[in-house]
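So you can see what is in the structure, the chains are spelled out below.
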Amino acid sequence: MEVYLPGIAKDKVELSKTGDELNIRIGNHRRNLVLPQALAALQPSGAKMEEDYLKIRFASMG
């Protein structure tokens, strides 16, 4: 999954997951994204910044 975050450093981004929502926090700002069904059952397994995009990998937990 890719999220457009222009000018944001990766170390400023915090990710967490609650149910079928991915929670992205940058400082005092937070955005909750409802995940597509294909990703809702998975857990974020890593993320990296490429240009202005945060690329999030998902993996099954079990």
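Keep in mind that what you see is a predicted model, and the values were worked out from it rather than measured.

Caption draft 1: Geometry of the sheet that holds strand β5 (residues 43–50). Pairing within the open sheet is antiparallel, and its 3 strands lie in the order β1-β6-β5. Each end of this open sheet is capped by a strand with a single partner; those strands are β1 (2–4) and β5. Taken over all neighbouring pairs, the strand axes of this sheet differ in orientation by 25° on average, direction set aside.

Caption draft 2: Just the nonpolar core, in detail. In terms of nonpolar packing, the biggest core is built from 12 residues, these being Val3, Leu5, Val13, Leu22, Ile24, Ile26, Leu35, Leu39, Ala47, Leu54, Ile56 and Phe58. Where this core is concerned, the elements lending two or more residues are β3 (21–26) and β6 (53–59). Non-local contacts of phenylalanine 58, meaning those with residues more than four positions away in its chain, are made with Met1, Leu22, Leu35, Leu39, Leu42, Gln43, Pro44 and Ser45.

Cut-offs used in this document
- Residues numbered from 1 in each chain as written.
- Predicted model: local features only at pLDDT ≥ 70, side-chain atom pairs only at ≥ 80, totals over all residues.
- Heavy atoms only, no water.
- Pairing = 2+ DSSP bridges.
- Helix = DSSP H or I, 4+ residues; strand = E, 2+ residues; numbered from the N terminus.
- Axes fitted to C-alpha atoms, helices over the stretch in contact; angles between N-to-C directions.
- Core = buried A, V, L, I, M, F, W, Y, C linked by side-chain atoms within 4.5 Å.
- Buried < 20%, exposed > 50% of the residue type's maximum accessible area, 1.4 Å probe, protein only.
- Contact = heavy atoms within 4.5 Å.

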